[in-house]
Amino acid sequence: MAQLHVLDHPLIQHKLAILRSKDTSVKEFRELVGEIAGLMCYEATRNLPLQEVEVETPITIAKCRMLAGKKLAIVPVLRAGLGMVDSMVALIPSAKIGHIGLYRDPETHKPVEYYCKLPEDIESRQVYVVDPMLATGGSAVAAINFLKQRGCKNIIMMNIIGCPEGVAAVQEAHPDVEIYVAAMDEKLNEHAYIVPGLGDAGDRIFGTK
Ligand code: PRP
Ligand code: URA
């Protein structure tokens, strides 16, 4: 079973506390999602391979290390995952971006697919699937299914808030996929919302409610 990483860095936890508040404005919410995603990206890329290079400084030759050419892709789950993309691309400018459109049916809570556009060479890339919320896990499992159907083998899931139900669903369907969350919340409520959570991430990022 791939590892579950709960990122308890003080900066992430501080920003998450503000993010959760019902009084946080759309503008601030959007900014915080980006900032948290950037900090999470820093941790989730910790194991990327490096290669030795020599760099000529103004003084002498320095032995340095650079990324070993592993190609990356960031795949947000629409809509809310979009809020995590810009700050990650700022850190990894060469990453390609794919989009997977899924929404939860309000009654069944099952994911409904409406869009999928991925980089042509996605199967050779280390893929980071990003979505602020991992609730029932239905959307995450469906997104990873799409990627595996396209031949992807190296997939990492990044969610700001997870819960036991969602993590269990991903781990059961995709035991090879590592999951990074900033918090593991308690449970789901009767509407399959995460408790205590932060409400509807898409609505809070885009101001639709
Ligand atoms: C939210 C969230 C995830 C999904 C998580 O999206 O951004 O994609 O729900 O729930 P699950 O783990 O139970 O599948 P939503 O379906 O509300 O769509 P939206 O981002 O377009 O608002
Ligand atoms: N989607 C959200 O945006 N929030 C939840 O709590 C669950 C699913």
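For the structure given in this document, a descriptive report is provided here.

Here is what the cut-offs are and how they apply
Residues numbered from 1 in each chain as written. Chains lettered and ligands numbered in written order. Predicted model: local features only at pLDDT ≥ 70, side-chain atom pairs only at ≥ 80, totals over all residues. Heavy atoms only, no water. Buried < 20%, exposed > 50% of the residue type's maximum accessible area, 1.4 Å probe, protein only. Helix = DSSP H or I, 4+ residues; strand = E, 2+ residues; numbered from the N terminus. Pairing = 2+ DSSP bridges. Right-handed = clockwise from strand over helix to strand, strands pointing away. Near = heavy atom within 4 Å. Polar contact = N/O pair within 3.5 Å; in protein donor to acceptor, adjacent residues only side chain to side chain. Areas by Shrake-Rupley, 256 points an atom, 1.4 Å probe, with all protein chains shown as cover.

## Considering the pairing of strand E4 (residues 72-78)
Okay, step 1: Of all seven residues making up E4, seven are buried, and the element is well covered by its neighbours.
Okay, step 2: Burial along E4 is two-sided: Leu72, Ile74, Pro76 and Leu78 facing one way and Ala73, Val75 and Val77 facing the other are all buried.
Okay, step 3: In this structure, E4 lies alongside strand E8 (residues 126-130), joined through five bridges in parallel fashion. When the bridges of E8 are listed, valine 75 appears paired with valine 129.
Okay, step 4: When E4 meets strand E5 (residues 96-97), the two strands line up parallel, connected through two bridges. Paired with alanine 73 across the strands is lysine 96, a residue of E5.
Okay, step 5: With helix H3 (residues 85-91) bridging E4 and the parallel E5, this β-α-β connection has right-handed handedness.
Okay, step 6: Across two bridges, E4 lies against strand E6 (residues 99-104) in parallel orientation. The partner of valine 77 across the bridge, within E6, is isoleucine 100.

## Considering the site of ligand 2
Okay, step 1: In the region of ligand 2, the neighbouring residues are Arg104, Met133, Ala135, Ala192, Tyr193, Ile194, Gly199, Asp200 and Ala201.
Okay, step 2: Between an oxygen atom of ligand 2 and a main-chain N or O atom of isoleucine 194, the distance comes to 2.8 Å.
Okay, step 3: Glycine 199 places a polar main-chain atom, nitrogen or oxygen, 2.8 Å from a nitrogen atom of ligand 2.
Okay, step 4: Across the complex, the protein chains shield 89% of the 240 Å² of accessible surface that ligand 2 would expose by itself.

## Structural notes on the pairing of E8
Okay, step 1: Most of E8 sits inside the fold, with five of its five residues counted as buried.
Okay, step 2: Of the two faces of E8, both are covered, the one formed by Gln126, Tyr128 and Val130 as well as the one formed by Val127 and Val129.
Okay, step 3: Where E8 meets strand E9 (residues 154-162), five bridges bridge the pair, whose relative direction is parallel. Bridging across to E9, tyrosine 128 finds its partner in isoleucine 156.
Okay, step 4: Viewed along the sheet, the connection from E8 through helix H4 (residues 138-149) into E9 turns out right-handed.

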